[in-house]
Amino acid sequence: MLSPNSTFYPRPLGVTPAASLPQSPSAPLETSRQLVASTERDAPYFRALEEVGIRLNGPQISAVRHGKGPLLTLAGAGCGKTTVLAARAGYLMEVSGAHAGSILLVTFTNKAATEMKDRIASLPGIRPAAARAVQARTFHSFALTLLRHYGVQEEIFGESRAQHTVLKMLLRQSGMSEAFQPESLLAMLSAWKMQGSETSDLPEKSQEERDAKRVLLGYEAWKRDRNKMDFDDILLRAAALLHDPAVLGPLQQRFQYIMVDEFQDTNSLQYEIVQKLAAAHRNLMVVGDDDQTIYTFNGARQESILEFDKVYPGARIVTLDINYRSDARILGLGSELVARNKRRRDKRLRAAGHRGDAPRFATPSNAEEEAAWVVNQLCQQVEEGLHTYRDIAILHRTASSSRAIFEQLVLKDVPFVQHGASPVFYDQSLIRPLMDHMRLSLNPRAVDALPSALGPLYVSRDAGLEWIQRSEERQAKKYPLIHLAKWDKLKPFQQEQVKERIKLIKSLTKLKPVIAIQEMRRQFYDKYMESGDPSIFTHYKETMLETLDEFEAAAKKFETVEEFIQFADELSRRHREMESLRRSQDSDAVQLMTIHRAKGLEFPCVYWIGASEGIVPHSTALRQDIPEDQKAALTVQQTDAELDMALEEERRLAYVAITRAKQYLYVTSPASHHGKPADVSRFLLEAFGMEVPDKRKNRDEGRTGNHASYGSGSSKWKGNGNTNGKANGNESRNGNAAYARSGSRPQGRDAVSPVQRGADQRSAIRQSDRRDFEVLDERDEDRLSERRGSGVIRNHTAFSTTGISQTTSSSSSSGSHSSGAERTETVAIWKCSSSTCKAWLRQKPDGASAKSSKKTASGPPPCPLCSGTMVASTRNVPVTGRFGR
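The rules behind the values
Residues numbered from 1 in each chain as written. Predicted model: local features only at pLDDT ≥ 70, side-chain atom pairs only at ≥ 80, totals over all residues. Heavy atoms only, no water. Core = buried A, V, L, I, M, F, W, Y, C linked by side-chain atoms within 4.5 Å. Buried < 20%, exposed > 50% of the residue type's maximum accessible area, 1.4 Å probe, protein only. Helix = DSSP H or I, 4+ residues; strand = E, 2+ residues; numbered from the N terminus. Contact = heavy atoms within 4.5 Å. Pairing = 2+ DSSP bridges. Axes fitted to C-alpha atoms, helices over the stretch in contact; angles between N-to-C directions. Salt bridge = Lys/Arg side-chain N within 4 Å of Asp/Glu carboxyl O.

A. Up close: the nonpolar core. Grouped together as the largest cluster of nonpolar side chains are 87 residues, with contacts concentrated most on Ile120 and Trp608. If you look at the next biggest cluster of nonpolar residues, it comprises 65 residues, including Phe8, Val514, Met520 and Trp830.

B. Examining the environment of Tyr655 more closely. Structurally, the position occupied by Tyr655 is in helix 28 (residues 640-658). Residues contacting Tyr655, with those up to four places away along its chain left out, are Ala77, Asp289, Asp291, Gln292, Gly334, Ser335, Leu337, Val338 and Leu349.

C. Representation of the pairing of strand 1 (residues 71-75) in the model. When you tally the buried positions in strand 1, you get 5 out of 5 residues, the bulk of the element. Of the two faces of strand 1, the one lined by Leu71, Thr73 and Ala75 and the one lined by Leu72 and Leu74 are each fully buried. Sheet topology places strand 1 next to strand 7 (residues 284-288); 4 bridges connect them, and they run parallel. If you follow Leu72 over to strand 7, its bridge partner there is Val286. Bridge analysis of strand 1 against strand 8 (residues 316-320) gives 5 bridges, and the strand direction is parallel. Residue pairing across strands places Ala75 opposite Leu320, the latter belonging to strand 8.

D. Focus on the sheet that holds strand 6 (residues 257-260). The 6 strands lie next to each other as 3-2-6-7-1-8, forming an open sheet whose pairing is parallel. The open sheet has two edge strands, strand 3 (135-138) and strand 8, and neither has a second partner. Strand-to-strand, the axes of this sheet are offset by a mean angle of 15 degrees, without reference to chain direction. The strands touched by helix 7 (residues 139-149) within the sheet are strand 2 (103-107), strand 3 and strand 6, with strand 3 carrying the most contacts at an inclination of about 105 degrees. Each of strand 2, strand 6 and strand 7 is contacted by helix 13 (residues 268-278), which is oriented at about 160 degrees to strand 6, the strand it contacts most.

E. Main features of the pattern of salt bridges. Under the definition given, this model contains 51 salt bridges. A salt bridge links Glu407 to Arg403; its shortest N-O distance comes to 3.3 Å. In this pair, Glu407 and Arg403 are both assigned in helix 18 (residues 403-411), 4 residues apart and thus about one turn of the helix distant. By relative accessible area, Glu407 is classed as buried at 1%. The salt bridge involving Glu407 is made with Lys557; its shortest N-O contact spans 3.2 Å. Taken together, the residues span a long stretch of sequence, with Glu407 in helix 18 and Lys557 in the loop between helix 24 (538-555) and helix 25 (561-579) at a distance of 150 residues. The class for Lys557 is partly exposed, based on a relative accessible area of 31%. When salt bridges that share partners are traced, they join Lys81, Asp261, Glu262, Asp265 and Lys599 into one network.

Dropping the structure here:
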């Protein structure tokens, strides 16, 4: 039974009581009111800012006053970079006399560009016409405007599903449907283009590279024939256009002052565009934080900041080091943590934020207990009036690591927004086939579950379902799948596989769910998954292995397949009910998102879950810790330098998580992950001054060079080499090697942490729909047509009896109801009897299952959250018109 009460401590587990909590020094209180004398020429501008509440500190004033020449502005987390960018634009116009149209401000998101325009328009003395004349744009918006100006009229082809459909068609036509996945091909093509390279220059040394190139050239020809271009084409073609002096010259003359926001996120092609525009006058101001470079999977280059003064000799460097967001102890923890990185600009942030509470740490036994502790704690905080739901954010590393917290929030009726909303964990395309096989074990004629069973049999879904339907019309069978055994389009060995699969399906209902899942993986599923693209990125394979391991962990708490399926279907049903009760973004709801999506945001209270070894840092960055004989079994060999860089990015990710918190920070480190022991994240221990042993053998042998030191961090982890490679859990590494298929059989996650499952070694699996795993958190909103921070309100409180008071009258002949009123119905439920657990499940109707377990038939099931006793009750829920799958 899960521990009902959590205990948060002032130090992580393993830190001695003598260790003190890091704390950032207090920032000086002087602002422009004291720092800018009234006799100075620009004093009227700063006095006007002060009148509207903008009081700049010393470093901010220095950046705002910068005139001509290159400027690198290192903007620490929460240090007011947006204010500085807007104030400098105003300073250039009001004090320096620059024309508004000569200012180009480039950022990454439509939201940021809009905010920048609004900030500039609100500055004192800035006329509306001048504010509109300032060019505040995203990279893609600027590039597209340039192309349109010079007559490029191609239609934008940016919808990912449409792109996948075209590639699937081209793969079928080339006879390579099973050779490559559209997602991996598009990722490789994007990485290639963002290096500034043309598709025609793709490598073709091996047959696999030639096959990939042939398909991608076909994709480019398809777009060209239909007068279309994708988002990568926009940047690539704009960069090519700037090679023409007749195009570049007028732009350089017009844009005399160029500012770039979030500079650490620029890729090679974006940086090339900026350099060309600024080449004539070098009036380039870049603002960014190398400690927040967490998008290298998307081509971001930390070197852009680290080497800026080498590219622009004589460049000024201003450090915005006064943080207005976080409590000094929260900021101190983050600063001490990231200071261990070797490849960084040396900076220590000073605190000027409101005082909150010291960070708190907990070590639950596993993800289930972690989720229970976190949700119980935040509910108590809301009940006591300490926070509202909207004050609270829960940050996690990968999509699969949010499964347990999602279930707790749903079943306890806690309203929340899931940013980057994806299907319920059990409805993901990777998981659904296994779930549907178990559904078929309970009801062999479950029509909705049949399609998922056909794929692992290597049978076309459409054609297979059509054959089954026709055969059923002639003679219905208890197991409709058996009709495939007489389909003349299948070879004899396939027909035999159908019979064997039915035998397996029959046996599943007698097994515990976790054993059933392991048996399906052993007999067919892992082999089926790996039969796709053998050139798939290794980290995608490991992401899917991680998801399947999480699936097994979720199943362990259930005794029967029927209980497990009932629980998963209840979650899906409640999810659909939530979809019918969407609220505006201003609703009072907890924010649930990955750390990547949280970048740029801030919250009064943050729960960072999964701060354990193997999660953060992710297992793919910890390969240096495995024995050399196991490391040799990995498909993709990584140098110590690449692993060092991956580990440093993981440390930056932890820094971003911590610095989202304003007053309250809670960090949980599960003691086990997917059934294996997990230590508290080394990053937390290092922040408290503890030395984490280096487990690599002979680490320093055979090294051929060191990175230049950019700071004075006390890290014992040494960065070496000069590669942009990245292997990071849910991100990809760019480069030509991505095109090479491996002839060896990848060992995936087991190569990192071997686990014996019978006599079989777990093998790598093919890529499924990566949208389900949120493996890519794209930065540029123009690419995704999605604003960062968007999400769906999951307002579970709304389906309580008190939450929905309006119901549709049973006497209504039309079935209509007044605007805003939800139709509801009263259903029988099981409710947890514990006063601290608010979980409830819908009771299964009599006769709903072909095979009911004795346990379910004889009484209530155990609570799926706390394993306590459940009692019968009723509840009003919205009528969605869809029940079951």
